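# A look at the structure
Listed below, chain by chain, are the residues.
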Amino acid sequence: MAKAEKIEIYANLCKGCEICVELCPVDALEMKDFKAAVKDLDKCIACMQCELRCPDFAIEVYKK
Amino acid sequence: MAYDYSKYLRAGKIPHIWCPGCGYGIIMKSMIRAIDGLGWDKNEVVMTSGIGCASRLPGYIDANTLHTTHGRSLAFATGVKVANPKLKVIAMGGDGDMTAIGGNHFIHACRRNIDITCFVFNNYIYGMTGGQYSPTTPKGSRATTAPYGNSDNQFDIAQLAMGAGATFVARTTTYHAVPMEKLMKQALEHKGFSVVEIIAGCPTGYGRKNKLASPAGMIEWQKDHSVAIAQWEKMSDEEKAGKFPIGVLHEVNKPEYVEAYDANVGLS
Amino acid sequence: MAKKVKFLQGNEAVCEGALYAGCTFYAGYPITPSTEVAEVLAARLPKIGGRFIQMEDELAAMAATLGGSIAGKKSLTATSGPGMSLKMENLGYGYLTEVPCVIVNVMRGGPSTGLPTGPGQSDVMQARWGTHGDHPCIALTPSTVQEQLNETVRAFNLAEKYRMPVILLTDEIIGHMREAVEIPEPGDLPVIDRKRPTCDPKDYLPYKPEADGVAPMADFGSGYRYHITGLNHLPDGFPSNDGKLAQADEIRQQKKVDDNYDEIVVVDEMMCDDAEILIFAFGSTARSAKEAVQMARAEGIKVGLLRPLTIWPFPDKHLAKYAGKVKRVIVPEMNLGQTALEVERVMKGQPAVEGIFQIDSEPINPVTILNKIKGGK
Ligand SMILES: Cc1ncc(C[n+]2csc(CCOP(=O)(O)OP(=O)(O)O)c2C)c(N)n1
Ligand code: SF4
Ligand code: SF4
Ligand code: SF4
Ligand SMILES: [Mg+2]
């Protein structure tokens, strides 16, 4: 299973829509102060869906 | 490495104006990756749009961009393409833009089979003006102008395009970000008039009125209600009820409008 | 050397003028009495490497005309009455976005389908104010078939120079009449092309005016990637909600025309020097007025004709010279008094305007004008 080295979330771009959080298949993300945040990087399987579906260029996943 | 969108985005224009969770940002990203994947020269890319939330997209793209009047995206695009067929012309707009006020331009662009790629962003609503029903709003759905539920019949945009003569017709959704990119690429490469209908969530104008408030919920809805065309063709009418096919729905080769005109009048 | 003379229909002469001016793109929708323009250009344009397209309606025709110009081609569209009404939305877009092109309106009776095969002059105010919002306007009113040609060339030149749509406001009579026309040789008439940018593309500001109030315009595809929008915009072309800036920009656009009155406004003044009675007439009505003036002069009546070839901007300066000087001013027109209102505004009651207004699909008879001159009904 692929893994992520890091997940960047740009708070200035994140509009807090929760798409990434709700659609993450492994529950690796969460909302904090109305913005997306990484909950558990180890869980991330680097499926890239959060990055692809974020409408706001606010989240980037760097694969290991 | 994360994908670098910045080479196709105009500097300083992001964040865009779309609401939190609006599907259009997902479409824009797929579109950028599709164009990038084809290696097109930005100087040759023309993007036209009408008026509406969808039509704001070209303003963000570093290309030759033309934000026109409501519904007229394809009419302007046709002028650009006929005047300079070397340009790669992409016309876009919302469901209202393309099938209500611009419906006439839409069917005639299909009929001509002019080499333009048309992306229709179908969010089932007039988003920009605050949620009035459009020609694609499902029967029974609520809209600000359908307080008792919508009583109108709906257009099926893809079928409309096929019936009118488009030579490449596809449908996708914002759930399918990667397949969307592939379909867009195919449409862009197709010689002739190509249409991609993209089902997108409008949490503000449609979702709120119809108890689909969560943007993620709207994307899940798209997954649950869409069926790949190969599977669709094997389904019974009962199984199809309430669902819609996605993928390449129609693809034929026919003479392209400007080439046919040029050959006919002795220009080529 | 003898000039080439052709016996042309007025609508054909428009086509000759357009081709002389370098038009290579036409988008239209057929409508009487303008259709010959489309028919002739459908045949002629491919012969010079241009293209013709018949669109699905006039909304589309106007849009495609602007699109063609944005792609770098001098573009033309022609229509009449109902079609002109449909063009209004995108004509406004052309003004706001400063896209050069020429729109021919061969006026017929109206409103609505009206009297489709007869002449009219009822679209004068529509030409000025038909689309919503404030905007500059140039509209030219030829009276002869030769002028159909020459004024079409001038319309293109003004469109290109001031980067805006220009209307050729003609009518069914001139559009369909046949007269001998001198075909200009290359070089006989000036042909102006729009200013295009020469700067580094990254420095290009599509709406930053130069000293003449006009910004250079890049063709789409020429390496200057920029944004065009019908929203009020900043010099970089991107939308802005700043009302103060929007106002300043609209005023700048209006000034492109106002500040160049002397170049844009052309008026033919016939026997006006000693005139005690002034006739103000344009288009085909000016032909009748000219005859009436000649008949009246033969009877020793001091009457002159002021005939604008530019109806918008209104020839205020030319007309104002006669305020307080002439005893009477008569405005014959095939409408219920549209330019008469403007004449009244300029003359300020010195003298009051007398109109001959007719919308019965018949040209105004010179005798009708003569009778008015002589104080009859
Ligand atoms: C001629 C005209 N009529 C009405 C409007 C108002 N208007 C602006 S956008 C819009 C509807 C947009 O809906 P759609 O095309 O579906 O785009 P969306 O905003 O949903 O992306 C309307 C009715 C207009 N701008 N111009
Ligand atoms: S999808 Fe993007 S904008 Fe939405 S919450 Fe996640 S990071 Fe923020
Ligand atoms: S890459 Fe996939 S698994 Fe990792 S956070 Fe994003 S959606 Fe979750
Ligand atoms: S109103 Fe709807 S379509 Fe418009 S930006 Fe908001 S969510 Fe998107
Ligand atoms: Mg919509």
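Our structure is the block above this text.
Rules used throughout
- Sequence order as written defines the numbering, with residues in each chain counted from 1.
- Going through the entries in the order they are written, you letter the chains from A and number the ligands from 1.
- With pLDDT at 70 or above as the cut-off, local features in this predicted model cover only qualifying residues; side-chain atom pairs require 80 or more to be listed or tallied, and sums for whole chains, interfaces and linings still use all residues.
- By convention in this description, side-chain values take in all heavy atoms of the structure and omit both hydrogens and water.
- Any residue with a heavy atom positioned within 4 Å of a molecule or strand is treated as near that molecule or strand.
- For this classification, Asp, Glu, Lys and Arg are treated as charged, while Ala, Val, Leu, Ile, Met, Phe, Trp, Tyr, Cys and Pro are nonpolar and the rest, including Gly, are polar.
- Under this scheme, a helix contributes an axis fitted over its contacting stretch, all axes are lines through C-alpha atoms, and angles between N-to-C directions fall in the 0 to 180 degree range.
- Secondary structure elements are taken from DSSP: a helix is a run of H or I of four residues or more, a strand is a run of E of two residues or more, and numbering for both begins at the N terminus.
- Should an angle lie under 35 degrees it is considered roughly parallel, over 145 roughly antiparallel, and from 65 to 115 roughly perpendicular; all remaining angles are considered oblique.
- Here a crossing is taken to be left-handed if its near helix is turned anticlockwise relative to the far helix by less than a right angle, and right-handed if that turn runs clockwise.
- Throughout, a residue-residue contact means that at least one pair of heavy atoms, one from each residue, lies within 4.5 Å.
- Metal sites are built from N, O and S donor atoms within 2.8 Å, or 3.2 Å for Na, K and Ca, and they leave out water, so they may look incomplete.
- Exposure categories follow from relative accessible area, calculated using a 1.4 Å probe and restricted to protein chains: below 20% of the type maximum is buried, above 50% is exposed, and the middle band is partly exposed.
- For this analysis, a salt bridge means a side-chain nitrogen from Lys or Arg found within 4 Å of a carboxyl oxygen belonging to Asp or Glu.
- In this scheme, strands are said to pair when DSSP sees at least two bridges between them.
- Buried area, as used here, totals the accessible surface that two parts lose on assembly, with accessibility defined by a 1.4 Å probe and the loss added over both.
- Whenever a nitrogen or oxygen atom comes within 3.5 Å of another N or O atom, the pair is scored as a polar contact, on the condition that within protein one atom can donate a hydrogen and the other can accept it, and that pairs from neighbouring residues in sequence are kept only if both atoms are in side chains.
- Values of accessible area rely on a 1.4 Å probe in the Shrake-Rupley scheme; residue burial ignores everything except the protein chains shown.
- Pairs of cysteine sulfur atoms within 2.5 Å are what we label disulfides.
- Working definition: a ring pair exists when centres of Phe, Tyr or Trp rings (six-membered ring for Trp) sit within 6.5 Å. Plane angles under 30 degrees give stacked, over 60 give edge-to-face, the rest tilted.

What follows concerns the site of ligand 4. Near ligand 4, the surroundings consist of Trp18, Cys19, Cys22, Tyr24, Cys53, Asn123, Gly127, Cys202, Pro203 and Thr204 of chain B. For the shell around ligand 4, the residue count by class is 7 nonpolar, 3 polar and no charged.

All names here are of chain B. Running from N to C, helix H4 (residues 103–112) and helix H5 (residues 157–164) cross one another at 45 degrees; their axes reach a closest spacing of 8 Å. If you check the angle between H4 and H5, you find them oblique. Here the hand of the crossing between H4 and H5 comes out right-handed. Residues Phe106, Ile107, Cys110 and Arg111 of H4 lie in contact with H5, whose contacting residues are Ile157, Leu160, Ala161 and Ala164. Residues that form the contact of H4 with H5 fall into these classes: 7 nonpolar, no polar and 1 charged.

This part covers the coordination of the magnesium ion (ligand 5). Residues and elements named next belong to chain B. On the protein side, the magnesium ion (ligand 5) has Asp95 (OD), Asn123 (OD1) and Ile125 (O) as donor atoms, found 2.1 Å from it. Spacing between the donor residues of the magnesium ion (ligand 5) along their common chain follows D-x27-N-x1-I. Neither residue differs from the other here; Asn123 and Ile125 are each classed as buried.

Following the criterion strictly, the structure yields 45 salt bridges over all chains and no others. Residues Lys32 of chain A and Glu30 of chain A are paired through a salt bridge, measuring 3.7 Å at the closest nitrogen-oxygen approach. Glu30 of chain A sits in the partly exposed class, given a relative accessible area of 24%. As a salt-bridge pair, Lys321 of chain C and Glu269 of chain C come within 2.7 Å of each other at their nearest N and O atoms. Taken together, the residues span a long stretch of sequence, with Lys321 of chain C in the loop between helix H11 (316–320) and strand E14 (328–333) and Glu269 of chain C in strand E10 (residues 267–270) at a distance of 52 residues. The partly exposed category is assigned to Glu269 of chain C, whose relative accessible area is 30%.

Attention shifts here to the pairing of strand E7 (residues 165–171) of chain C. All names here are of chain C. Counting buried positions over the 7 residues of E7 gives 7, a clear majority of the element. Neither face of E7 is open: one carries Pro165, Ile167, Leu169 and Asp171, the other Val166, Leu168 and Thr170, and all of them are buried. The sheet contact formed by strand E5 (residues 101–107) and E7 spans 7 bridges and is parallel. Each residue of the ladder has a partner; that of Ile103, found in E7, is Ile167. Bridge count between strand E6 (residues 139–140) and E7: 2 bridges; the pairing is parallel. The partner of Ala139 across the bridge, within E7, is Ile167.

Many authors give the size of an interface as the accessible area that is lost as the parts come together. At the junction of the two partners, chain B supplies 38 residues and chain C supplies 38 residues. Together, the buried faces of chain B and chain C total about 3100 Å²; carbon and sulfur atoms form 59% of this surface. A salt bridge links Arg112 of chain B to Glu56 of chain C; the shortest N-O distance between them is 2.6 Å. The interface formed by chain B and chain C holds 21 residue pairs in polar contact (both at pLDDT 80 or more) in total. Element by element, the count of residues in the side of chain B that touches chain C is highest for helix H2 (residues 73–83) of chain B, at 7 residues. Its residues assigned to classes, the side of chain B that touches chain C comprises 16 nonpolar, 14 polar and 8 charged.

Our next topic: the site of ligand 1. Every one of the 18 residues lining ligand 1 counts as a neighbour, but Tyr24, Cys53, Asp95, Asp97 and Gly127 of chain B are closest to it. Neighbouring residues of ligand 1 are not confined to one chain but are distributed across chains B and C. Relative to its free-state accessible area of 590 Å², ligand 1 is covered by the protein chains to the extent of 76%. It is helix H3 (residues 95–101) of chain B that contributes the most residues to the shell around ligand 1, 4 residues altogether. Here the residues of the shell around ligand 1 sort into 8 nonpolar, 7 polar and 3 charged.

Moving on: the arrangement of the chains. Where the 2 pairs of chains in contact are concerned, the greatest contact count is recorded for chains B and C. There is a clear gap between chain A and chain C: no contact, and 20 Å between their nearest C-alpha atoms.

The next point concerns the state of the cysteines. Under the definition given, this model contains 0 disulfides over all chains. Of all cysteine sulfurs, the one in Cys118 of chain B lies closest to Cys110 of chain B, which takes part in no disulfide; the gap is 7.1 Å.

This part covers the pairing of strand E3 (residues 88–94) of chain B. Residue and element names in this part refer to chain B. Among the 7 residues that make up E3, 6 are buried, leaving the element largely enclosed by the rest of the structure. Here 5 bridges tie strand E1 (residues 45–49) to E3, and the two strands are oriented parallel to one another. Bridge assignment links Met47 to a residue of E3, and that residue is Ile90. Across 6 bridges, E3 lies against strand E4 (residues 116–122) in parallel orientation. Across the sheet, Ala91 pairs through a bridge with Cys118, a residue of E4.

We now examine the sheet that holds E7 of chain C. What holds strands together in a sheet is hydrogen bonding between their backbones, with the strands either parallel or antiparallel. The 7 strands lie next to each other as E3-E2-E4-E5-E7-E6-E13 (chain C), forming an open sheet whose pairing is mixed. Each end of this open sheet is capped by a strand with a single partner; those strands are strand E3 (51–54) and strand E13 (310–312) of chain C.

This paragraph deals with the packing of aromatic side chains. Residues and elements named next belong to chain B. Per the stated rule, a full pass over the model turns up 16 aromatic pairs over all chains. Geometrically, the ring pair formed by Tyr124 and Trp221 is edge-to-face, given 6.1 Å between the ring centres and 85 degrees between the ring planes. Note that Tyr124 is positioned in the loop between E4 and H5 and Trp221 in helix H8 (residues 215–225), a separation of 97 residues in sequence. Consider the rings of Trp221 and Phe244, whose centres lie 6.1 Å apart with planes at 35 degrees: the pair is tilted. Of the two residues, Trp221 sits in helix H8 while Phe244 sits in strand E8 (residues 244–251), which places them 23 residues apart along the sequence. For Trp221, a relative accessible area of 27% corresponds to the partly exposed category.

Attention shifts here to the packing of helix H3 (residues 58–70) of chain C against helix H4 (residues 81–97) of chain C. Residues and elements named next belong to chain C. Running from amino to carboxyl end, H3 crosses H4 at an angle of 35 degrees, the nearest separation of the two axes being 7 Å. Here H3 runs over H4; the crossing is right-handed. Note on element contacts: H4 touches H3 through Gly83, Leu86, Lys87, Glu89, Asn90, Leu91, Tyr93 and Gly94, opposite Glu58, Leu59, Ala61, Met62, Ala63 and Leu66. Grouping the amino acids of the contact of H3 with H4 by side-chain chemistry returns 8 nonpolar, 3 polar and 3 charged.

Of the consecutive residues Gly110 of chain C and Pro111 of chain C, the connecting peptide bond is found in the cis state with omega at 0 degrees. Residue placement: Pro111 of chain C occurs in the loop between E5 and helix H5 (124–129). Looking along the chain, the bond that leaves Trp312 of chain C and enters Pro313 of chain C is cis, with omega of 0 degrees. Topologically, Pro313 of chain C is positioned in the loop between E13 and H11. Phi at Phe57 of chain A takes a positive value of approximately 55 degrees, unusual for a residue other than glycine. Along the chain, the position of Phe57 of chain A falls in the loop between helix H2 (49–53) and strand E4 (59–63). Of note in the backbone geometry, Glu98 of chain C takes a positive phi value of approximately 55 degrees without being a glycine.

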